[in-house]
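Spelled out from the first residue to the last, the chains are:
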Amino acid sequence: MTVVDTQADIQLRKRPPLIKTESSPALHTPFNKKRPLFFKARMGIYVIQTVIMCYEQQGIPLSLGFYRLISKDGLALLISDMCMVGMTLFSVLFSKLLVWRVIKYETTGWILQHMCQMVFLMVPICWIFMREWPWVQSGFFTMHTVVMMMKMHSYTSLNGDLSIKHRRLQHLTALLPTYKSDNNDTDTQDRLKHMEEEMDYLQEELTHGDTRYPENITIRNYMDFLLVPSLVYWMEYPRTERIRPWYIVEKTLATLGTFLLLYITTECYILPKLYDPTLSEARVIIELMYPFMINYLFIFYIIFECILNAFAELSRFADRNFYDDWWNSITYDEFARKWNKPVHQWLLRHVYAQSIESYNITKQNATFFTFLLSSCLHELVLVVCTRKIRMYLFVLQMLQIPLIMAGRHPWIRAHSMVGNFFFWLCMLFGPPFLGILYCREAFWAYWANTHSTLV
């Protein structure tokens, strides 16, 4: 089980974001300067139109119903989130126990690792049910818990693998003088040569940049890993020369502005349709196609272009390639690789590659297991949000596997426009369909509980 062996497949290097911002010199051309201006003007008109519509219908510029929902129990959520992140510091103690040889990773260490991760995942979920948080707070806290669990797993897995190599190197170092003092027969010389080659390999594996295992196992190194926008742990990351304060301000303002658009779309165009019992399911899907697609793009922009780049700037993390051009995807495996690269890299190293290495399964079975785990984690978030087990998203995600196989047909590859058209057709109908299956039932349950309490 060698986590480090997947390093060749996951290359971190200094790369700019795919969508460059106005602070980038690449946009300092007359045409490119007009594109952000046009986008801002269009979004400004969108806000004004929505405010006018809301005032005409309700007599107020903007309803605060969704705000009251997302701000409920905000202080408790903040404290709970800080405590949850603080719990991950156990990973440093676990790694220290490996260095001190209190536990061995290949025997009891990996069992203890997975047991602690399960406890870490279940405690916040139980806390969510105890606090009876609405779906927004429940979804955020569950997703952040899953992200922290993925970081913990990557940190402890790499250090566990390195602890095995470190013990092996110490063992060979202790044996080396004995072999050198023995007689110089051919077998001894061959064994000595193999030992020296293995020691050179282990020395290389235990060193990453200027950092060497176990010198990386410190609170400071782990806190740096928490700040870095990467789910895959390395002892060192490519870094920028300095932090640009204006870049952070730019991303903060972009986050706030885009969240305003997200709020307006949700409050004025999505919630009224989901709450309306007079609309049929088919009508709701048609009505919500555009708002859901817009919100999907807003959320994607906030997370991958604003928040991750802001944390990358704060930590001087130089690899800003958090996504590729997923909008040009022809097949769903291409989409899975491109739209969320931090999660893709984690799944590649810790699920796909490690299942092949540890259990000797085929690539097809490893792909199935990777999709299965990803689908289970996505469904878990929705189970916590809705308090119901429905498995709709799980089924739709697993259906991507036959779609991937169909997308590899030579005819689809020869007609990329058809594949991309089918991809966008699924993107347009998928989110509103899931909104019908999950959100409408959850919103009506929340509405009924609220009104019964008021009565």
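Please read these numbers as outputs of a predicted model, since none were measured by experiment.

Focus: the overall build of the chain
From N to C terminus, the chain includes 17 helices and two strands. Here the chain holds 455 residues, and 44% of them are scored as buried. Nonlocal contacts in the chain, meaning residues at least 24 apart in sequence, comprise 76% of its contacts between residues at least 6 apart. Roughly 24700 Å² of accessible area belongs to the chain as shown, and the carbon and sulfur atoms make up 67% of that amount.

A closer look at the side chain of S80
Structurally, S80 is set in helix 3 (residues 74–87). Here A76 takes part through its backbone oxygen, which lies 2.6 Å from a polar atom of the side chain of S80. When sequence neighbours within four positions are dropped, the list of residues in contact with S80 reads W127, W133 and F141.

Description of the confidence of the model for the chain
Residues of the chain with pLDDT of at least 70 account for 88%, and the chain-wide mean is 86. Ignoring residues within four places in sequence, the model shows residues 21–34, a span with pLDDT below 50, making 19 contacts including any to other chains.

Notes on the packing of aromatic side chains
For the coordinates displayed, the defined rule picks out 25 aromatic pairs. Measuring from centroid to centroid gives 6.3 Å for Y155 and F225, while their planes differ by 20°, and the two rings are stacked. In this pair, Y155 sits in helix 6 (residues 135–181) while F225 sits in helix 8 (residues 219–227), placing the two residues 70 residues apart along the sequence. By relative accessible area, which is 0% here, Y155 ends up buried. Within the aromatic cluster, the residues linked to one another by ring pairs are Y296, F300, F304, Y323, W326, W327, Y332, F335, W339, F423 and W424. Note that R349 overlies the ring of W234, its terminal NZ or CZ placed 4.1 Å from the centroid. Taking the ring centre of F129 as reference, the NZ or CZ of R387 above it sits at 4.8 Å.

What to know about the packing of helix 9 (residues 245–275) against helix 10 (residues 281–315)
Two elements in contact, helix 9 and helix 10, have axes separated by 9 Å at closest approach and are oriented at 160°. The angle between helix 9 and helix 10 falls in the class roughly antiparallel. Crossing of helix 9 over helix 10 shows left-handed handedness. Its residues assigned to classes, the contact of helix 9 with helix 10 comprises 22 nonpolar, six polar and five charged.

Remarks on the environment of W133
With respect to the element layout, W133 can be found in the loop between helix 5 (105–131) and helix 6. Separated by 59 residues in sequence, W133 and G74 place their C-alpha atoms 9.9 Å apart. Beyond its immediate sequence surroundings of up to four residues, W133 is in contact with D73, A76, L77, S80, W127, I128, S138, F141 and R387.

Observations concerning the environment of P272
As for its placement among the helices and strands, P272 is situated in helix 9. In this structure P272 touches T266 and E267, once residues within four positions along its chain are discounted.

Notes on the nonpolar core
Judged by nonpolar contacts, the single largest core of 62 residues is most densely connected at Y155, Y222, Y233, Y237, F322 and W346. With 12 residues, the top contributor of residues to this core is helix 6. Among all residues touching Y233, those that are not within four sequence positions of it are S154, Y155, L158, N159, N216, N221, F225 and R349. Residues Y46, V47, L262 and I294 belong to the second largest nonpolar core, which totals 10 residues.

Notes on the packing of helix 6 against helix 8
Contact geometry for helix 6 and helix 8: axes closest at 11 Å, N-to-C directions at 135°. Between helix 6 and helix 8, the angle falls in the class oblique. Handedness of the helix 6/helix 8 crossing: right-handed. Between helix 6 and helix 8, the contacting residues are M148, K151, M152 and Y155 on the first element and N221, Y222, F225 and L226 on the second. Its residues assigned to classes, the contact of helix 6 with helix 8 shows six nonpolar, one polar and one charged.

Digging into the pattern of salt bridges
Going through the model one piece at a time under the given rule, you end up with 15 salt bridges. Of the charged contacts in the structure, one is a salt bridge between R167 and E106, with a shortest N-O distance of 2.6 Å. Within this pair, whereas R167 is found in helix 6, its partner E106 is found in helix 5, the two being separated by 61 residues in sequence. Notably, a salt bridge pairs K273 with E287, separated by 3.7 Å at the nearest N-O pair. Of this pair, K273 sits in helix 9 while E287 sits in helix 10, and the two are 14 residues apart along the sequence. Judged by relative accessible area, K273 falls into the partly exposed class, the value being 26%. Salt bridges linked by common partners bring R244, E313 and R320 together as one network.

Reading the values: rules and limits
The residue count restarts for each chain, going from 1 along the sequence in the order it is written. Where totals are concerned, whole chains, interfaces and linings use all residues; where local detail is concerned, this predicted model gives features only for residues with pLDDT of at least 70, and gives and counts side-chain atom pairs only at 80 or more. Each side-chain value is worked out from all heavy atoms of the structure, with water and hydrogens disregarded. The way it works is that DSSP assigns letters per residue, a run of H or I at least four long becomes a helix, a run of E at least two long becomes a strand, and they are numbered from the N terminus. Working definition: with a 1.4 Å probe on protein chains only, accessible area under 20% of the residue-type maximum means buried, over 50% means exposed, and in between means partly exposed. Contact between two residues is taken to exist if any of their heavy atoms lie within 4.5 Å; hydrogens are not considered. Here the open area of atoms and residues is found with the Shrake-Rupley method and a 1.4 Å probe, where only the protein chains shown may cover a residue. Polar contacts, as counted here, are pairs of nitrogen or oxygen atoms within 3.5 Å of one another; within protein the pair requires one atom able to donate a hydrogen and one able to accept it, and residues that are adjacent in sequence qualify only if both atoms are side-chain atoms. The predictor attaches a confidence to each residue, and that confidence, scored 0 to 100, is pLDDT. When two rings of Phe, Tyr or Trp (its six-membered ring) have centres within 6.5 Å they constitute a pair, described as stacked for plane angles under 30 degrees, edge-to-face for angles over 60, and tilted for the intermediate range. Placement of a positive charge over a ring is assigned whenever Lys NZ or Arg CZ falls within 6 Å of the ring centre and within 35 degrees of the normal to the ring plane. Here an angle of 0 to 180 degrees is reported between the N-to-C directions of two axes, which are lines fitted to C-alpha atoms, with helices fitted over the stretch in contact. Roughly parallel means an angle under 35 degrees; roughly antiparallel means over 145; roughly perpendicular covers 65 to 115; every other angle is labelled oblique. Here is the rule for handedness: rotate from the far helix to the near one, and if that takes an anticlockwise turn smaller than a right angle the crossing is left-handed, while a clockwise turn gives right-handed. Residue classes follow a fixed rule: Ala, Val, Leu, Ile, Met, Phe, Trp, Tyr, Cys and Pro count as nonpolar, while Asp, Glu, Lys and Arg count as charged, and any other residue, Gly among them, counts as polar. For the purposes of this section, nonpolar cores are sets of buried Ala, Val, Leu, Ile, Met, Phe, Trp, Tyr and Cys residues that join through side-chain atoms within 4.5 Å. The term salt bridge refers to a side-chain nitrogen of Lys or Arg lying within 4 Å of a carboxyl oxygen of Asp or Glu.

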